Amino acid sequence: MANISIDTIKKIYPGGVEVIPGLSLDIAAGELCVLVGPSGCGKSTLLRMVAGLEEVTEGEIRIGGRRVNDLEPAARDISMVFQNYALYPHMSVFDNMAYGLRNRRMPKPEIRTRVDAAAGALGLEGFLDRKPRQLSGGQRQRVAMGRAIVREPAAFLFDEPLSNLDAKLRVKTRVEIRALQQRLGTTSIYVTHDQLEAMTLADKLVVMHAGRIEQVGPPLGVYERPATAFVAGFIGSPPMNFLPGEAHTTGVRLDNGVDIALPGLTGGRVDLGVRPEDLHVDPAGPVELSVRVVERLGATANVHGRLAGTDAEIIASLSGTDLPAPGDTLRLTAGAGKWHVFDAAQGIRLL
Amino acid sequence: MRTKKVTFRHRWLPYLLVAPQIAITIVFFIWPASQALYQSVLRQDAFGLRTEFVGLQNFARLFADPLYIKSFFTTIAFSAMVAGLSMLVALILAVMADRVIRRATVYRTLLIWPYAVAPAVAGVLWWFLFNPTIGIAAYALDQLGYDWNHYSSGSDAMALIVIAAAWRQVSYNFLFFLAGLQAIPRSLTEAAAIDGAGPFKRFWSIQMPLLSPTVFFLIVVNVVYAFFETFGIVHATTSGGPGNATNILVYKVWRDAFEGLNLGSSAAQSVVLMVIVIALTAIQFRYIERRVEY
Ligand SMILES: Nc1ncnc2c1ncn2[C@@H]1O[C@H](COP(=O)(O)OP(=O)(O)OP(=O)(O)O)[C@@H](O)[C@H]1O
Ligand SMILES: [Mg+2]
């Protein structure tokens with residue numbers, strides 16, 4: 001267990017591409033920190049710098065208070081689970097897990113004990129003599145996990161460890177990873193671009209965009225009060241609706257002339273955000289939706305359409321049996337505190 | 001009925017299309033091979049006036065001939081050294097290139113050059129370099145206190161043809177090694193680095209085992225090369241000398257036929273070589289079917 005502190009680090013790849021222009025992040029001991037963001041935003045780059053697989057251009061990374069910038073990956077006391085698992089194809093499951101221990105000259109009986117314990121925890125007892133290619137995708141994933149935990153490192157680093165699994169197995173493994181991490185209490189950084197995975201796993205959620213941190217916080221806090229329009233659109237599924245309008249001291253006037261009372265604003269162009277699941281039918285509601293498509297998901301239905309008088313796309317997640325049909329017009333509203341106001345130009349949260 | 005008619009109409013087209021290939025095979029392989037087989041059971045007198053059928057006598061005499069046995073061992077030593085040297089150098093270069101892969105295209109282009117040089121030219125090139133009176137390499141060795149002379153020293157002569165033959169294979173081996181190394185996912189060596197393996201340990205415990213199919217393939221290719229394609233090099237540098245020290249099998253075939261004028265024995269030697277190449281090819285095919293287990 002160790003805290004990880006990332007202090008104004010910068011990454012410029014050879015060739016001059018600046019991928020991370022200066023980023024700081026503190027992860028407390030025992031915490032599971034999830035980095036989430038769209039493809040290419042620098043999540044893997046950041047993780048690989050912590051692992052020592054990528055050089056840090058500027059700034060400092062400390063693990064357990066010790067500066068690790070110039071240490072070899074092996075000397076950083078971390079272990080990593082790769083997206084493709086990176087199992088050694090010519091070694092048995094046992095040897096895959098024991099490799100790191102042997103390299104550290106651990107006595108044989110202790111290696112045996114540790115590998116057996118890890119295999120037991122992951123349900124791999126019967127597979128220790130197999131080669132990776134004789135395993136299913138889910139089993140391979142667990143071997144990769146096993147290889148990471150036998151070393152009992154100060155920190156785990158995960159780079160999209162579940163993205164090669166099918167949807168069902170992903171949910172199951174996600175729960176297992178969470179349970180395992182809590183039981184071991186090992187500080188972890190987990191990279192994903194799946195916002196659902198991020199929400200369910202994280203103690204601390206870090207939303208990244210173009211090499212910068214957009215917001216850090218507990219997952220529910222980020223969900224309820226996204227700091228920027230980007231975060232608001234990225235976290236949550238289906239994504240938040242944005243209705244363009246003009247702010248006044250009394251509220252927001254949408255582009256179709258409808259007023260929504262929201263005290264505390266000053267003025268200027270804004271995007272009024274509201275989550276699909278926060279919208280509900282109300283004959284007196286301010287949001288008039290012309291229904292285009294209705295997707296029935298079982299428990300709920302996603303109603304897609306346009307804000308009347310504008311071309312802003314809206315999705316509302318409605319439950320119940322009395323669902324509208326395409327072509328209908330629907331009046332919707334959201335509870336107080338469910339409206340999010342962002343500056344239209346900067347995307348900064350105003351309210 | 002209809003389908004049959006269509007099949008009939010195109011009956012000669014496939015044959016026509018493969019005809020050039022078949023013609024080449026017949027002219028350059030089947031015909032000489034059958035000639036060699038035929039000659040190997042005949043004996044001509046010294047003037048070529050009389051030819052008689054002698055059965056397997058040519059073969060029996062061949063394997064009773066200490067010079068032939070010696071040539072066999074010379075060839076085995078030669079090909080082992082050529083394969084070993086060229087693969088070792090190529091592997092070192094490939095590992096280095098793999099590290100700085102962005103520059104590998106330049107590397108690759110440069111390293112393909114020797115392969116484009118015909119064996120005889122390569123031979124002459126090395127002959128010049130190592131010529132005891134005018135060669136720059138011989139001069140350098142002389143400066144280091146080694147009296148190089150491949151005209152009098154059998155081991156010097158062997159070293160010369162090994163270097164000349166290996167040089168040409170380095171580029172070929174390099175390409176295969178580099179491709180093999182590049183095919184190993186980078187994350188594997190990264191995982192090993194995190195697992196506490198230093199660069200050498202990583203190479204021996206991860207990259208080398210995963211490269212073993214390539215190594216096996218290249219051993220066969222290089223041995224075939226050393227056995228059969230090095231005539232030009234020997235002819236241009238040592239001519240099998242001094243005192244048969246570099247008289248490898250392919251060279252002996254030629255020398256016995258055209259200098260010794262012993263066609264029957266030479267043909268029998270060709271047949272032996274043919275059997276060896278068939279055996280090596282069979283090993284190769286078996287390997288392609290099964291792949292090396294790791
Ligand atoms: N070795 C490299 N050299 C140059 N640029 C690189 C290199 N590796 C990554 N990049 C660039 O850095 C940026 C961030 O890459 P990174 O792999 O960190 O993204 P990511 O957030 O992990 O994306 P994904 O979710 O697709 O894995 C990308 O624009 C990528 O093109
Ligand atoms: Mg990535």
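Residues numbered from 1 in each chain as written. Chains lettered and ligands numbered in written order. Predicted model: local features only at pLDDT ≥ 70, side-chain atom pairs only at ≥ 80, totals over all residues. Heavy atoms only, no water.

(A) Molecular detail of the sheet that holds strand β11 (residues 241–247) of chain A. All names here are of chain A. Pairing is antiparallel in the open sheet, where 5 strands are placed in the order β13-β12-β11-β14-β20. Because the sheet does not close on itself, it has two edges, and the strands there are β13 (259–261) and β20 (339–343). Strand-to-strand twist across the sheet, computed as the mean angle between neighbouring axes with direction ignored, equals 40 degrees. Both strand β12 (residues 251–254) and β13 contribute to a ladder of 3 bridges, which runs antiparallel. (Pairing = 2+ DSSP bridges. Helix = DSSP H or I, 4+ residues; strand = E, 2+ residues; numbered from the N terminus. Axes fitted to C-alpha atoms, helices over the stretch in contact; angles between N-to-C directions.)

(B) Fine view of the packing of aromatic side chains. What the rule picks out here adds up to 20 aromatic pairs over all chains. Ring geometry for B:Phe130 and B:Trp148: centres 4.7 Å apart, planes at 40 degrees, overall tilted. One end of the pair, B:Phe130, is in helix α6 (residues 119–130); the other, B:Trp148, is in the loop between α7 (136–143) and α8 (154–183), and 18 residues separate them in sequence. An angle of 75 degrees between the planes, with centres 5.3 Å apart, marks the rings of B:Phe203 and B:Trp204 as edge-to-face. The rings of B:Trp126, B:Phe130, B:Tyr146, B:Trp148 and B:Trp167 are connected pair by pair, giving a single aromatic cluster. Directly above the ring of A:Tyr88 sits A:Arg147, whose terminal nitrogen or CZ lies 4.7 Å from the centroid. (Phe/Tyr/Trp six-rings, centres within 6.5 Å; stacked < 30°, edge-to-face > 60°. Lys NZ or Arg CZ within 6 Å of the ring centre and 35° of its normal.)

(C) Layout of the pairing of β12(A). Residue and element names in this part refer to chain A. Across 3 bridges, β11 lies against β12 in antiparallel orientation. Bridged to Ala-247 within β12 is Val-252. The antiparallel pairing of β11 with β12 creates a hairpin that spans 3 residues between the two strands. In textbook terms, the turn of a hairpin is the stretch between consecutive antiparallel strands, and for β12 and β13 this stretch comprises 4 residues, one of which, Gly-257, has a positive phi near 90 degrees.

(D) Seen up close, the sheet that holds strand β2 (residues 17–27) of chain A. All names here are of chain A. One open sheet holds the 4 strands; their spatial order is β2-β1-β4-β5, and the pairing between them is antiparallel. Every interior strand has two partners, whereas the edge strands, β2 and β5 (66–67), have only one. As defined by bridge partners, strand β1 (residues 4–13) adjoins β2 across 7 bridges and the pair is classed as antiparallel. Its bridge partner being in β2, Lys-11 is matched across the sheet by Ile-20. Against the sheet, helix α1 (residues 43–51) engages β1, β2 and β4 (58–63), with an angle of about 115 degrees to β1. (Contact = heavy atoms within 4.5 Å.)

(E) Spatial organisation of the environment of B:Ala90. Residue and element names in this part refer to chain B. Here Ala-90 shows up in helix α4 (residues 66–99). Between the C-alpha atom of Ala-90 and that of Val-170, which follows or precedes it by 80 residues, the distance is 5.1 Å. For Ala-90, the contacting residues outside a window of four places in its chain are Val-170, Asn-173, Phe-174 and Phe-177.

(F) Here's a closer look at the packing of helix α4 (residues 137–150) of chain A against helix α5 (residues 167–184) of chain A. All names here are of chain A. Where α4 contacts α5, the two axes come as close as 12 Å, and the packing angle between them is 15 degrees. As far as their axial angle goes, α5 and α4 are roughly parallel. Like other packed secondary-structure pairs, α4 and α5 cross with a definite hand, here right-handed. Note on element contacts: α5 touches α4 through Leu-169, Thr-173, Glu-176, Ile-177, Leu-180 and Leu-184, opposite Gly-138, Gln-141, Arg-142, Met-145 and Ile-149. (Parallel < 35°, antiparallel > 145°, perpendicular 65-115°, else oblique. Left-handed = near helix turned anticlockwise from the far one by under 90°.)

(G) Examining the confidence of the model for chain B more closely. Residue and element names in this part refer to chain B. Residues at a pLDDT of 70 or more form 86% of chain B, whose mean pLDDT is 82. The weakest mean pLDDT in chain B belongs to helix α1 (residues 2–9) at 51; the strongest belongs to helix α9 (residues 186–194) at 92. Both scores are given for the predicted complex: the pTM is 0.81, the ipTM 0.86. (pLDDT = per-residue confidence, 0-100.)

(H) Representation of the interface of chain A and chain B within the structure. Listed by partner, the interface residues are 24 residues for chain A and 19 residues for chain B. Of the roughly 1700 Å² buried where chain A meets chain B, counting both sides, 58% is carbon and sulfur surface. Our count for the chain A to chain B interface comes out at 2 salt bridges. Here B:Asp195 ties to A:Arg151 by a salt bridge, and the two come within 3.2 Å at their closest N and O atoms. Where chain A packs against chain B, one counts 13 residue pairs in polar contact (both at pLDDT 80 or more). (Buried area = accessible area lost by both parts, 1.4 Å probe. Salt bridge = Lys/Arg side-chain N within 4 Å of Asp/Glu carboxyl O. Polar contact = N/O pair within 3.5 Å; in protein donor to acceptor, adjacent residues only side chain to side chain.)

(I) Summary view of the domain arrangement of chain A. All names here are of chain A. Annotation of chain A at the domain level lists domain 1 (4–227) and domain 2 (238–343). The C-alpha-based centres of domain 1 and domain 2 are spaced at 39 Å. Taken together, the contact between domain 1 and domain 2 spans 4 residues of the former and 5 residues of the latter. Across the interface of domain 1 and domain 2, roughly 360 Å² is buried in total on both sides, 50% from carbon and sulfur atoms. (Domains from an automatic or database assignment.)

(J) A look at the side chain of A:Thr228. Residue and element names in this part refer to chain A. Looking at the secondary structure, you find Thr-228 in the loop between α7 (219–224) and α8 (229–234). Classification of Thr-228 by relative accessible area gives buried; the value is 12%. At a separation of 2.7 Å, a polar atom in the side chain of Thr-228 contacts the side chain of Glu-214. (Buried < 20%, exposed > 50% of the residue type's maximum accessible area, 1.4 Å probe, protein only.)

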